[in-house]
Amino acid sequence: MTQHQRLLIIDFGSQVTQLIARRLRELNVYCEIHPYQNVTDAFLADFAPQAIIFSGGPDSVTREGSPRPPASAFTLGVPILGICYGQQVMMQELGGLVESGHGTAEFGRAFVTPSDKKLPLLEGWFSEGTEQVWMSHGDHVSKIAPGFEVYGTSPGAPFAITADVSRNFYAVQFHPEVHHTPRGAKLYENFVRLAGFTGDWTMAGYRQQAIAQIRAQVGDAHVICGLSGGVDSSVTAILLHEAIGEQLTCVFVDHGLLRLGEAEQVVSMFRDNYNIKLIAADESDLFLGALEGVSDPEVKRKTIGKLFIDVFQKYANEIENAEFLAQGTLYPDVIESVSFSGGPSVTIKSHHNVGGLPEKMGLKLVEPLRELFKDEVRALGRELGLPDSFIGRHPFPGPGLAIRCPGEITREKLEILRKADAVYIDQIRKHGLYDEIWQAFVAILPVRTVGVMGDGRTYDYACALRAVTSVDGMTADYYPFSHEFLGETATRIINEVKGINRVTYDITSKPPGTIEWE
């Protein structure tokens, strides 16, 4: 099996460490994020990185017991790039000095001025004299380590860019991974070039690697794959089918919480285009019956998650030699499941497909996408020949319309919601906006409002339109529709959907909100 060149990101707890990985993957460089406490001498020897990046972090290297990389990282003979806290820990470990306070904290936009010395890491920078960067540090380097020289300064960071060229050690006080550092991607491009990466991480290569891994893991056993029709589960199913053929059975569960015509669309797409064994299970009565009278969003999610497990178990019991359940787990799910601090983390909302399987199922997990980000999954889907209409679909949550129906769920409200959502998405497509938006949907609100239609009084539901732009769903901003679009869409929904008499538009970003309403 081909072994990709590998870069290790040692995570010291930065909120934007995932962005480092994304920037590198965009350069066709395979990288993994691992919390500092997991990176031991033995781990480093086994991982054998071709280069290492130290992330930023919230701690202070001046505090006793603060996070450190293993000393062997500096003796591997591979290039290292330290970012923010990563720069400070590098200086501290190699004989420099870091201090707290003294009025040199920098937060937000700053401008770095170059020194008169050239540095290959900075090729393509400083063409206009200074370079805009994003700073977020309270401590500062007051003395650089022996062997390092200064290549850039800012008002609050006299050692904003330092390097020991002889050892290929580089350190910056700012965050090149965020978009507020406009030419940060170029810095990463230069670093991986200096480290000798050839850009061998491609979806064509990953496809062959994943197929070999699936075959090795599964052997001659049978795999059950939960198919939702979203891009993650669809790519998972097609990749598995390419690897193990008749040993795969997909189960599409209609839980009564799908969008208008969705069940028919997904089933026909797979039956018409792929020779994959598919069980289309109408379990809507089971799910809707269990959700009757339930209004708490966490109870909704957990009820749906448990029922999914029960349904998959039922069909697995009917299939001879079924030993595995396939899930479309992605790399962000994996990263977030590892607590940086080693302690408990706050649960914002439960995810029905994260956290392993109950022991009672007796099935093992197959997760062929667990090394990929969302945009890489879409690229793999194109590599596998999945239709663009499925690759470009907006994300749809496992609990479906249940979390777009705050309060108690009823069949009447779901029907109203389906129709309103269909009108909204039709409007977005007609105006050519679908591909500009990460996710768009309607939420039906648990309130009725007074309205006037014709000469009569109405007392119907209000709904909220939601549309956001995002790269990976971690953060999001609302889409800036024109008032003409919103007015036209509201008019259509009220005229075409019986049961709604008021339309609002949700302009909350993430954070502080989440993308979904529940």
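Computed from a predicted model, the values in this text were never measured in an experiment. (Residues numbered from 1 in each chain as written. Predicted model: local features only at pLDDT ≥ 70, side-chain atom pairs only at ≥ 80, totals over all residues. Heavy atoms only, no water.)

> What should I look at first to understand the domain arrangement of the protein in this one?
Interface size is commonly expressed as the accessible surface area that is lost when the partners come together. As far as domains go, the protein holds domain 1 (7-195), domain 2 (203-392) and domain 3 (411-505). Taking the mean C-alpha position of each, domain 1 and domain 2 sit 37 Å from one another. (Domains from an automatic or database assignment.)

> Teacher, can you tell me more about the packing of aromatic side chains here?
Each aromatic ring pair is specified by the distance between its two centres and by the angle formed by the two planes. With the rule as written, the count across this model stands at 20 aromatic pairs. For the ring pair F12 and Y36, a centre distance of 5.9 Å and an interplane angle of 25° mean the geometry is stacked. You can see F12 sitting in the loop between β1 (6-11) and α1 (17-26) and its partner Y36 sitting in the loop between β2 (30-35) and α2 (41-47), a full 24 residues away along the chain. With a centroid separation of 6.2 Å and 85° between ring planes, the pair formed by Y170 and F191 is classed as edge-to-face. Pair noted here: Y170 is in strand β11 (residues 169-172) and F191 is in helix α4 (residues 184-194), with a separation of 21 residues, a long-range link. (Phe/Tyr/Trp six-rings, centres within 6.5 Å; stacked < 30°, edge-to-face > 60°. Helix = DSSP H or I, 4+ residues; strand = E, 2+ residues; numbered from the N terminus.)

> Sorry, what's going on with the packing of helix α6 (residues 231-244) against helix α11 (residues 374-383) here?
Helix-helix packing: each pair is described by the crossing angle between the helix axes and the interaxial distance. Close contact between α6 and α11 brings their axes to 10 Å; oriented N to C, the two are set at 45°. In terms of orientation, α6 and α11 fall into the oblique class. Of the two possible hands of crossing, α6 and α11 adopt the one that is left-handed. Within the contact between the two elements, α6 uses V231, D232, V235 and L239 and α11 uses K374, V377, R378, L380 and G381. (Axes fitted to C-alpha atoms, helices over the stretch in contact; angles between N-to-C directions. Parallel < 35°, antiparallel > 145°, perpendicular 65-115°, else oblique. Left-handed = near helix turned anticlockwise from the far one by under 90°. Contact = heavy atoms within 4.5 Å.)

> What should I look at first to understand the side chain of T249 in this one?
Mapped onto the elements of the fold, T249 is located in strand β13 (residues 248-254). At 2.8 Å, the side chain of T249 and the side chain of H222 are in polar contact. Discounting chain neighbours no more than four positions away, the residues touching T249 are H222, V223, I224, C225, K277, I279 and I319. (Polar contact = N/O pair within 3.5 Å; in protein donor to acceptor, adjacent residues only side chain to side chain.)

> What should I look at first to understand helix α5 (residues 203-218) in this one?
Working note: α-helix, 3.6 residues per turn, so residues spaced by three or four point in the same direction. For α5, with 16 residues, the first-to-last C-alpha span of 22 Å sits near the 22 Å given by 1.5 Å per residue. All buried positions along α5 are accounted for by M203, Y206, R207, Q209, A210, I211, I214 and V218. Buried positions along α5 lie against β12 (222-226), α6, β15 (322-326), β16 (364-366) and α11. One or two steps after α5, the chain reaches G219, where phi turns positive at roughly 65°. (Expected span 1.5 Å × (residues − 1). Buried < 20%, exposed > 50% of the residue type's maximum accessible area, 1.4 Å probe, protein only.)

> Looking at this model, I keep getting lost on empty space enclosed by the protein. Mind explaining?
A probe as big as a water molecule, rolled over the atoms, marks out the empty space that is left. Under the criterion given, the structure shown has one cavity of 30 Å³ or more. The computed volume of the largest cavity comes to approximately 30 Å³. Around the largest cavity, the lining residues are Q87, H140, V141, A157, P158, F159, A160 and Q173. Of all the elements, strand β10 (residues 157-164) adds the most residues to the lining of the largest cavity, at four residues. (1 Å grid on protein atoms, 1.4 Å probe; cavity = no way out; pocket = protein on both sides within 12 Å on 5 of 7 lines; lining within 4 Å. Points joined across faces, edges and corners; volume = space filled by probe spheres on them.)

> Teacher, can you tell me more about unusual backbone geometry here?
Note: most residues except glycine have negative phi, and most peptide bonds are trans. P511 follows K510 through a cis peptide bond whose omega is -15°. Here P511 lies in the segment after β20 (500-505). Of note, the amide linkage connecting P511 to P512 takes the cis form, showing an omega dihedral of 10°. Its place among the elements puts P512 in the segment after β20.

> Would you mind showing me how to read the layout of surface pockets here?
Looking at the second largest pocket, its volume works out to about 440 Å³. For the second largest pocket, the lining is made up of 20 residues, of which R259, R393, I425, R429 and Y434 are closest to its centre. If one sorts the elements of the lining of the second largest pocket by residue count, helix α13 (residues 411-430) sits on top with five residues. A per-class count over the lining of the second largest pocket returns six nonpolar, five polar and nine charged. Two domains share the lining of the second largest pocket, each providing at least three of its residues, namely domain 2 (203-392) and domain 3 (411-505). (Nonpolar A, V, L, I, M, F, W, Y, C, P; charged D, E, K, R; others polar.)

> What is the right way to look at the pairing of strand β14 (residues 277-282) in this model?
Put simply, side chains in a regular strand alternate between the two faces of the sheet. In the sheet, β13 pairs with β14 via six bridges, with the strands oriented parallel. Residue pairing across strands places C250 opposite L278, the latter belonging to β14. With helix α7 (residues 262-273) bridging β13 and its parallel neighbour β14, the resulting β-α-β unit is right-handed. (Pairing = 2+ DSSP bridges. Right-handed = clockwise from strand over helix to strand, strands pointing away.)

> Is there a simple way to explain the environment of D164 in this structure?
Checked against the element boundaries, D164 lands in strand β10. C-alpha of D164 to C-alpha of I409: the two residues are 245 residues apart in sequence and 62 Å apart in space.

> Would you explain the packing of α5 against α6 in this entry?
Here α5 crosses α6 at 65°, and the two axes come no closer than 9 Å. In terms of their interaxial angle, α5 and α6 are classed as roughly perpendicular. Every pair of crossing elements has a handedness; the one defined by α5 and α6 is right-handed. Contacts from R207, A210, I211, I214, R215 and V218 of α5 reach α6 at L239, L240, E242, A243 and I244. Residue classes in the contact of α5 with α6 are distributed as eight nonpolar, no polar and three charged.

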